[in-house]
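# Structural characterization, general
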Amino acid sequence: MAQLPHDPPVAPAAAQYVERVAPEACLRVRGELSSAAGAELYRAVQALLAERPSEVRLDLAAVPRMDSLGGAWLVRVADVLRQAGVPWRIVAASGQVQDFLQLIRPTLETPPPPPPRRPGFFETLGEAGFAALEEARDLVELAVDTIYWGILAPLGGRGLRWGTLIEELTAIGVRAVFIVVMMNLLMGLVIALLAAAQLRQFGAEIFVADLVGIAFARELAPMMTAIIVAARSGSAIAAELATMVVQEEIDALKSMGFNPAQFLVVPKFWAAVLALPALTLLAMFAGTLGGMELGVLVLGISPQAWLRQTLAAVTLGYVLHGLLKSVVFGATIVFVGCHNGLRVRGGAQGVGRATTRAVVMDVVLLIILDMCFALLYEFVG
Amino acid sequence: MTVLIEVEHLVAHYGERCILDDVSFTVHEGEILVILGASGSGKSTLLKHMVGLLRPTAGTVRYHGQDLIHMEEEERAALLRRVGISFQSGGLFNSLTLADNIALPLREHGGFDEATIQALVRMKLSLVGLADAGHLLPEELSGGMKKRAGVARALALDPEILFFDEPSAGLDPITAAGLDQMILSLRRLLGLTLVVITHELTSIYTLADRALMLDQGKVIFLGSLAEVPRSTHPRVRQFFQRQPPARAVAATS
Ligand SMILES: Nc1ncnc2c1ncn2[C@@H]1O[C@H](COP(=O)(O)OP(=O)(O)O)[C@@H](O)[C@H]1O
Ligand SMILES: [Mg+2]
């Protein structure tokens, strides 16, 4: 269409691709509709909207081609016009441009999806609270299920899966012996070193034996052991169950009429509840031995004197307290691991998340439980 | 017809095992080439060599006459930006929403501003019929939606050629047919060249301009579907003599 004399373009002088065909609100694009032309068109439309036109026309007759970027600018133009409430249409597109427009028409005609709503502070807090409550309920449910299938049902004559139990005992207990002993030995040495530096000032080196013995019986052996087992087995349990969920193995079990708690959790529960006190007992010995090593080599106290001092200080009550705690820790590690494994969402990546979550939750819960035990011991006796 | 890709005497091993043994063919601009073959015949391996994800033991792959194998790393990256790949299992990033999956290559390579990226993402999503699904995570999608989403991401940077590994594997026939139609309309409207791996006869008959069949690392058929009956290779005859679609329809009606 030739430019008529009484009909001059009023677009800004810099315009290269877009001209205004007045007096109607019509913009004519010349040349390939790509990034540059699209941006210019967008600006021209915005300028045009200041005049409050009743309808906008985009004339694409002189556009031989367009590409995705041009399309993206058209989408933005459509958004602006829709927001302004101005009806618009494209005229005289042909060939490739027409095909392309047809392809992107749904996008031109629909508003952009609303941005995801960000919940407010209290909403987030409330949701987190509910989620925590729900999770606590799930965890308790799993524990109840396990205790039913692990303790009450066998008493009623329904057998345990002994083969699996022995496998789990090996995995959770036997394979952890070396690292538990090594870590506690070193820990005993370090604690003795710390204590000796202080007690030496009073010439009370022999009391290092008391301190190390009591610390390991009540606190350090159960805690160190539990943390090592959480890292080794808690994570492995979460990963194993999460993988089973992802691969629909749990669904398969359920469909065959098995209770996952009975089939998978119970053997691990018994293994941990048996292995943890045993490992903790070893840890107590190892810790004491570590302390004694320092006492003998650095403080020059005889092994016999050290042992006598330790045995006098560490009462059976302390040891039982430590062992009882380790039983609770063991059960917690298994419940937390299984719970996190079973609630996995979203494929392979979910498995990693479940594992991390299990270990973090383990450590937090272990410390909280340890504190409960300490308070209980102080006030109840 | 212009040649887009030339594969010449390609030999590939996994360890000692020979997977591709002297494979040669060309891909023409604007055509749909279908790669066929039994499971484990090396189709995915061939595709990965064609896009430079694996290095061949011998042979070359050329795009527009440029040697992909011996190219500088940067040059190859620039070339591969014009290549879209839809992986067999989707290859979507699980931690990103669909919209962010598509926006990722645009943000990294495009140098576009955010509003343009959002507009492009909306366009690509509606191309594959997922206009309303941008906010979903891959885990929330069905199998067919994942494949479509994989295509949308492969299209993000406006490739001139799209590789497609088993678009219809694991999908019901209706969804699979929908996907085939989508591939055809993309070709028509965007002028794409397509290399499609499949072993669905229906898809082959719907899509293929030409077909290439692999067996034990060798090309045992290369040509248009019209040439299939002339092939004397027993594997080719066996493959195409499975229930053809026309007879399947006749049998059920
Ligand atoms: N990363 C790999 N390492 C070793 N062998 C592989 C690897 N990927 C595939 N293979 C083997 O190579 C052969 C061809 O695999 P592939 O190309 O995936 O076949 P197709 O896609 O045709 O089913 C198969 O036998 C497969 O087991
Ligand atoms: Mg494959």
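### Some points on the overall build of chain A
Check the secondary structure of chain A and you find twelve helices and four strands. A total of 381 residues make up chain A; the buried ones form 45% of that total. Within chain A, counting contacts between residues at least 6 apart in sequence, those at least 24 apart form 78% of the total.

### Regarding unusual backbone geometry
All names here are of chain B. In this model, Asp158 sits at a positive phi of 50 degrees, which is unusual for a non-glycine residue. The residue Asp158 is located in the loop between α5 (143–154) and β7 (161–165) in this model. For Glu166, which is not a glycine, the phi torsion comes out positive at approximately 50 degrees.

### What to know about the nonpolar core
By size, the foremost hydrophobic cluster in this structure holds 87 residues, and its most contacted members are A:Leu41, A:Leu101, B:Ile204 and B:Phe240. In terms of residue count, helix α2 (residues 68–84) of chain A provides more of this core than any other element does, nine residues in total. Among residues more than four places away in sequence, those in contact with B:Ile204 are B:Val34, B:Leu36, B:Thr198, B:His199, B:Leu225, B:Phe239 and B:Phe240. Listed in part, the 53 residues of the second largest apolar core include A:Ala230, A:Ile237, A:Met292 and A:Val319.

### Description of a nonpolar patch on the surface
Side chains of A:Ile147, A:Tyr148, A:Ile151, A:Leu152 and A:Leu155 sit close together on the surface and give an oily, nonpolar patch of about 470 Å² of accessible area. Classification of A:Leu155 by relative accessible area gives exposed; the value is 70%.

### With respect to the sheet that holds strand β6 (residues 83–86) of chain B
Residue and element names in this part refer to chain B. Read across the open sheet, the six strands follow the order β6-β7-β8-β3-β9-β10; overall the sheet is mixed. A strand with exactly one partner marks an edge of an open sheet, and here the two such strands are β6 and β10 (218–223). Direction aside, the axes of adjacent strands within the sheet are offset by 15 degrees on average. Where strand β9 (residues 210–215) and β10 come together, five bridges link them in antiparallel fashion. Considered in β10, the bridge of Leu214 is made with Val219. With respect to the sheet, helix α1 (residues 43–50) is in contact with β3 (32–36), β6, β7, β8 (193–197) and β9, its orientation differing from that of β7 by roughly 155 degrees.

### Description of the site of ligand 1
Residues and elements named next belong to chain B. The immediate surroundings of ligand 1 are formed by Tyr14, Arg17, Ile19, Ala38, Ser39, Gly40, Ser41, Gly42, Lys43, Ser44 and Thr45. Here an oxygen atom of ligand 1 sits 3.1 Å away from a polar atom, N or O, in the main chain of Gly42. Protein chains shield 59% of the accessible area of ligand 1, which is 560 Å² for the free molecule. Breaking the shell around ligand 1 down by element, the ones donating at least two residues are β2 (17–28) and α1. The leading source of residues in the shell around ligand 1 is α1, at three residues. Across the shell around ligand 1, the residue classes tally to three nonpolar, six polar and two charged.

### Thoughts on the pattern of salt bridges
Oppositely charged side chains may form a pair once their charged atoms are brought near each other. A full pass over the atoms with the stated rule returns 24 salt bridges over all chains. B:Asp113 serves as the salt-bridge partner of A:Arg76, at 3.2 Å between the closest nitrogen and oxygen. Of this pair, A:Arg76 sits in helix α2 while B:Asp113 sits in the loop between α3 (98–110) and α4 (114–127), on two different chains. Overlapping salt bridges, with partners in common, bring together A:Asp79, A:Arg82 and B:Arg122 in one network.

### Some points on the sheet that holds strand β3 (residues 56–62) of chain A
All names here are of chain A. Pairing within the open sheet is mixed, and its four strands lie in the order β1-β2-β3-β4. Looking along the sheet, the strands with just one partner apiece sit at the ends: β1 (18–21) and β4 (88–91). Across the sheet, the axes of successive neighbouring strands diverge by a mean angle of 25 degrees, strand direction being ignored. In this structure, β3 lies alongside β4, joined through four bridges in parallel fashion. Along β4, the bridge assignment pairs Val56 with Trp88.

### What to know about helix α12 (residues 347–379) of chain A
Residues and elements named next belong to chain A. End to end, α12 covers 47 Å across 33 residues, agreeing with the expected 48 Å (1.5 Å per residue, within 8%). Within α12, burial applies to Gly350, Val351, Ala354, Thr355, Ala358, Met361, Asp362, Leu366, Asp370 and Phe373. For α12, the secondary structure elements touched by its buried residues are α4 (121–155), α7 (207–246) and α11 (316–342).

### Observations regarding the side chain of A:Ser233
In this fold, A:Ser233 is placed in helix α7. Excluding anything up to four places from it in sequence, A:Ser233 contacts A:Ala171 and A:Ile172.

### Here we look at the pairing of strand β4 (residues 58–63) of chain B
All names here are of chain B. Of the strand pairs in this sheet, strand β1 (residues 3–14) and β4 are connected by five bridges, and their pairing is antiparallel. Among the inter-strand pairings, Val11 is bridged to a residue of β4, identified as Ala58. Pairing between β4 and strand β5 (residues 66–67): two bridges, direction antiparallel. The partner of Tyr63 across the bridge, within β5, is Gln66. Taken together, β4 and the strand that follows it, β5, pair antiparallel across an intervening segment of two residues, in which His64 is found at a positive phi of about 50 degrees.

### Comments concerning the confidence of the model for chain B
Reading fine detail from the predicted coordinates is not recommended where pLDDT is low. For chain B, per-residue confidence averages 85 on the pLDDT scale, and 95% of positions sit at 70 or higher. Among the scores for the predicted complex, ipTM is 0.71 and pTM is 0.65.

### Section: the interface of chain B and chain A
The partner chain A presents 22 residues to the 17 residues of chain B that form the contact. When chain B packs against chain A, close to 1,700 Å² is buried across both sides, 64% of that on carbon and sulfur atoms. Area buried by chain B at its contact with chain A is led by B:Arg122, B:Met123 and B:Leu189, which between them contribute 40% of it. Summed over the shared surface of chain B and chain A, the number is two salt bridges. Secondary-structure elements contributing two or more residues to the side of chain B that touches chain A are α4 and α6 (173–190) of chain B. Ranked by residue count, the leading element in the side of chain B that touches chain A is α4(B), at nine residues.

### Topic: the packing of α5(B) against α6(B)
Helix-helix packing is described using two parameters, namely the angle between the two axes and the distance between the axes. Residue and element names in this part refer to chain B. At a minimum axis distance of 10 Å, the contact between α5 and α6 shows a crossing angle of 15 degrees. Judged on the interaxial angle alone, α6 and α5 are roughly parallel. The crossing of α5 and α6 is right-handed. Along its contact with α5, which presents Gly144, Lys147, Arg148 and Val151, the element α6 presents Thr175, Gly178, Leu179, Met182 and Leu186.

### Brief notes about helix α10 (residues 303–313) of chain A
Residues and elements named next belong to chain A. For α10, the set of buried residues is Trp306, Thr310 and Ala313. Along the long axis of α10, the arc covered by the buried residues comes to 70 degrees, so they all point the same way. Of the exposed residues in α10, the ones pointing more than 90 degrees away from its buried face are Gln304, Arg308, Leu311 and Ala312. In this structure, the buried residues of α10 make contact with α7, α9 (260–299) and α11.

Thresholds applied
Residue positions are given per chain, counting from 1 as you read along its sequence in written order. Each chain takes a letter, starting from A, and each ligand takes a number, starting from 1, following the order in which they are written. Local features in a predicted model are, by the rule used here, given only for residues with pLDDT of at least 70; side-chain atom pairs are given and counted only at 80 or more, and totals for whole chains, interfaces and linings are based on all residues. Calculation of side-chain values draws on the structure's entire complement of heavy atoms; hydrogens and water are dropped beforehand. Put simply, DSSP marks the helices as runs of H or I at least four residues long and the strands as runs of E at least two long, and each gets a number from the N terminus on. Only protein chains enter the accessibility calculation, which uses a 1.4 Å probe; a residue whose area is less than 20% of its type maximum is buried, one above 50% is exposed, and one in between is partly exposed. Any two residues whose heavy atoms approach within 4.5 Å are treated as being in contact. For our purposes a nonpolar core is just a set of buried Ala, Val, Leu, Ile, Met, Phe, Trp, Tyr and Cys residues, chained together by side-chain atoms within 4.5 Å. Patch building starts from residues that exceed 30% relative accessible area and form no salt bridge, then joins like charges within 9 Å and nonpolar side chains (Val, Leu, Ile, Met, Phe, Trp, Tyr) within 5 Å. For the accessible areas, the method is Shrake-Rupley and the probe is 1.4 Å, while residue cover comes only from the protein chains on display. Definition used for salt bridges: Asp or Glu carboxyl oxygen within 4 Å of a side-chain nitrogen of Lys or Arg. Strand pairing is assigned whenever DSSP detects at least two bridges linking the two strands. A fitted line through C-alpha atoms serves as each axis, taken over the contacting stretch for helices, and the angle formed by two N-to-C directions is quoted from 0 to 180°. Any residue with at least one heavy atom within 4 Å of a molecule or strand is counted as near it. Two N or O atoms count as a polar contact when they lie within 3.5 Å, although within protein this holds only if one can serve as hydrogen donor and the other as acceptor, and sequence-adjacent residues are included solely when both atoms are side-chain atoms. Under the scheme applied here, ten amino acids are nonpolar (Ala, Val, Leu, Ile, Met, Phe, Trp, Tyr, Cys and Pro), four are charged (Asp, Glu, Lys and Arg), and all others, including Gly, are polar. Take the residue count of a helix, subtract one, and multiply by 1.5 Å to get its expected span. pLDDT is a per-residue confidence score from the predictor, ranging from 0 to 100. Buried area is understood as the total, over both parts, of accessible area removed when two parts are fitted together, assessed with a 1.4 Å probe. Angle categories are assigned with fixed cut-offs, so that under 35 degrees is roughly parallel, over 145 is roughly antiparallel, 65 to 115 is roughly perpendicular, and the rest are oblique. Helix crossings get a hand from a simple test, with the near helix turned counterclockwise from the far one by less than a right angle marking a left-handed crossing and a clockwise turn marking a right-handed one. As used here, the arc is the angular range of directions from the helix axis to the C-beta atoms.

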